[in-house]
Amino acid sequence: MSESRAFCPRCGDPVAEREGLRPGEARSDPNLCDACYFEDFDLVDAPERIEVQVCSRCGAVHRGNRWVDVDARDYTDIAIEEVSKSLGVHVDATEVSWQVDPEQVDQNTIRMHCYFTGIVRDTPLEEDIVVPVKISRGTCDRCGRIAGDYYASIVQIRAADRTPTTEEVERAEAIANEVVAEMEDTGDRNAFVTDASETDDGLNLKVSTNKIGQKIARKTVEEFGGTVGDYETLVTEDEDGNEVYRVTYAVRLPPFRPGDVIDTADDDGPVLVRSVQGNLKGTRVTTGEAYEASFEDGDAPEARKLGTVEDAEETTLVTVEDENAVQVLDPETYRAETIARPDYVDPDADTVPVLKSRAGLHVLPESATPDDE
Ligand SMILES: [Zn+2]
Ligand SMILES: [Zn+2]
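This write-up is about the structure you can find in this document. (Residues numbered from 1 in each chain as written. Chains lettered and ligands numbered in written order. Predicted model: local features only at pLDDT ≥ 70, side-chain atom pairs only at ≥ 80, totals over all residues. Heavy atoms only, no water.)

Our next topic: empty space enclosed by the protein. Counted by the stated rule, this structure contains 1 cavity of 30 Å³ or more. By volume, the largest cavity amounts to about 40 Å³. Every residue along the wall of the largest cavity is listed here: Y344, V345, D346, V352, P353, V363, L364, P365 and E366. Looking at the lining of the largest cavity residue by residue, the class counts come to 7 nonpolar, no polar and 2 charged. (1 Å grid on protein atoms, 1.4 Å probe; cavity = no way out; pocket = protein on both sides within 12 Å on 5 of 7 lines; lining within 4 Å. Points joined across faces, edges and corners; volume = space filled by probe spheres on them. Nonpolar A, V, L, I, M, F, W, Y, C, P; charged D, E, K, R; others polar.)

Here is the structure:
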């Protein structure tokens, strides 16, 4: 059949050559004449309405059969995105452009005015459509589990022979949020902290998976030293009869912290603690020599805490007596006292930081004061 002799299969009219399939065009109905073709032609295929389910707690959007986190504070943005995805432009159209104008009808309804232009069979077309978008608010599975106090693991932050400091507690909580945020960034919606509550002896974190609990415990110990123990508690059986365990990670922070001045059991004088990662390491405040606890003692040598660098006070360095002794003013009595001279004392200094404790007066290194760190 030659092109000039083609007839429209619907109306029987002869189809002019120019109405036939143009090179490079994908025609859905190439044989119809233009009149029949445009008779029931829709440039845009749009749903009558769209319903978007969003989580009223976290803003996640329900798509397909799952919840997806979207970076939209504004439901209008979500509505535009959902409408864009649901619209179909006829395959025959070329040079398609479109714009959308959202009209907020009420809190949960947005009328999306969409304006399309395109070219089909050399004919410029335009089409206006309105798609009402209804926002329905619900609770996503994650928020539902958080609200239901769901958790699979507990991280206990405790410290040996003391309670964790405010800094340690706050930092552990921050670590938990960082770990969860990292996992969320990979699209993991099952990562969350259900609850963080301070107790008399530390902090309890309830988290959604054992993996997260383990990560938080490990990171906390990486920063502050100490150890992690874990134990399982059987909580239930799942549908398949498998036992489900809840794992508790018990973090035990070391008894001493960097910046503590401790009186060790030996007679070589107090030690300013520098590190509690592995064996406790520090500096003798009598001589300036390095101290390291034995392997057996690890981060917990037998010792009493005398104070911290924060308790130190600047006082006048009266004189350097010899290589082992200096004279300073007692910051409480203002009497000149002769005390041990650690090698870090600058003999030309006018003042030095001293710690007065039940072990006596000791000069601390300048660099040990918090302001210098
Ligand atoms: Zn026709
Ligand atoms: Zn949610």
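The next subject is the pattern of salt bridges. One pass over the structure, following the stated rule, counts 24 salt bridges. Ionic pairing is found between K305 and D260, a salt bridge with its closest N-O pair at 3.5 Å. With K305 in strand 18 (residues 303-308) and D260 in strand 14 (residues 260-264), this residue pair connects regions lying 45 residues apart in the sequence. When salt bridges with common partners are traced through the structure, they connect D69, D141, R142, E184 and R189 into a single cluster. (Salt bridge = Lys/Arg side-chain N within 4 Å of Asp/Glu carboxyl O. Helix = DSSP H or I, 4+ residues; strand = E, 2+ residues; numbered from the N terminus.)

Turning our eyes to something else, we now look at the sheet that holds strand 12 (residues 227-237). Pairing is mixed across the open sheet formed by 5 strands, whose spatial order is 10-11-9-13-12. Each having just a single partner strand, strand 10 (193-199) and strand 12 make up the two edges of the open sheet. Sheet twist, expressed as the average angle between the axes of neighbouring strands with direction ignored, equals 15 degrees. Of the pairings in the sheet, the one linking strand 10 to strand 11 (residues 202-207) comprises 6 bridges and is antiparallel in character. Note that in strand 11 the partner of T199 across the bridge is G202. Sheet contacts for helix 4 (residues 166-185): strand 9 (153-159), strand 10, strand 11 and strand 13 (243-253); angle to strand 11, the most-contacted strand, approximately 15 degrees. Contacts between helix 5 (residues 210-224) and the sheet are confined to strand 9, strand 11, strand 12 and strand 13, with strand 13 contributing the most and set at about 10 degrees to the helix. (Pairing = 2+ DSSP bridges. Axes fitted to C-alpha atoms, helices over the stretch in contact; angles between N-to-C directions. Contact = heavy atoms within 4.5 Å.)

Around the zinc ion (ligand 2), the protein contributes the donor atoms C55 (SG), C58 (SG), C140 (SG) and C143 (SG), at 2.2 to 2.3 Å from the metal centre. In this structure, the zinc ion (ligand 2) is coordinated by 4 donor atoms arranged in tetrahedral fashion, with angles at the metal of 105 to 112 degrees. Sequence positions of the donors to the zinc ion (ligand 2) reduce to the motif C-x2-C-x81-C-x2-C. Of this pair, C58 sits in the loop between strand 2 (50-55) and strand 3 (61-63) while C140 sits in the loop between strand 8 (123-138) and helix 3 (141-147), placing them 82 residues apart in sequence. A residue is classified by how much of its surface remains accessible, and C140, at 1% relative accessible area, is buried. (Donors = N, O, S within 2.8 Å, 3.2 Å for Na, K, Ca; no water. Tetrahedral: all angles 85-135°; square planar, octahedral: opposite > 155°, others 65-115°. Buried < 20%, exposed > 50% of the residue type's maximum accessible area, 1.4 Å probe, protein only.)

Per the stated rule, a full pass over the model turns up 5 aromatic pairs. R121 extends its terminal NZ or CZ atom over the ring of Y37, reaching a point 3.9 Å from the ring centre. Above the plane of the ring of Y150 lies R145, whose end atom (NZ or CZ) is 4.2 Å from the centre. (Phe/Tyr/Trp six-rings, centres within 6.5 Å; stacked < 30°, edge-to-face > 60°. Lys NZ or Arg CZ within 6 Å of the ring centre and 35° of its normal.)

Every protein donor of the zinc ion (ligand 1) is accounted for by C8 (SG), C11 (SG), C33 (SG) and C36 (SG), and the metal-donor separations fall at 2.3 Å. Coordination at the zinc ion (ligand 1) is tetrahedral: its 4 donor atoms span angles of 106 to 114 degrees at the metal. Mapping the donors of the zinc ion (ligand 1) onto the primary sequence gives the spacing C-x2-C-x21-C-x2-C. A residue pair is termed long-range when its members are at least 10 positions apart, and C11 in the segment before helix 1 (34-39) and C36 in helix 1 qualify at 25 residues.

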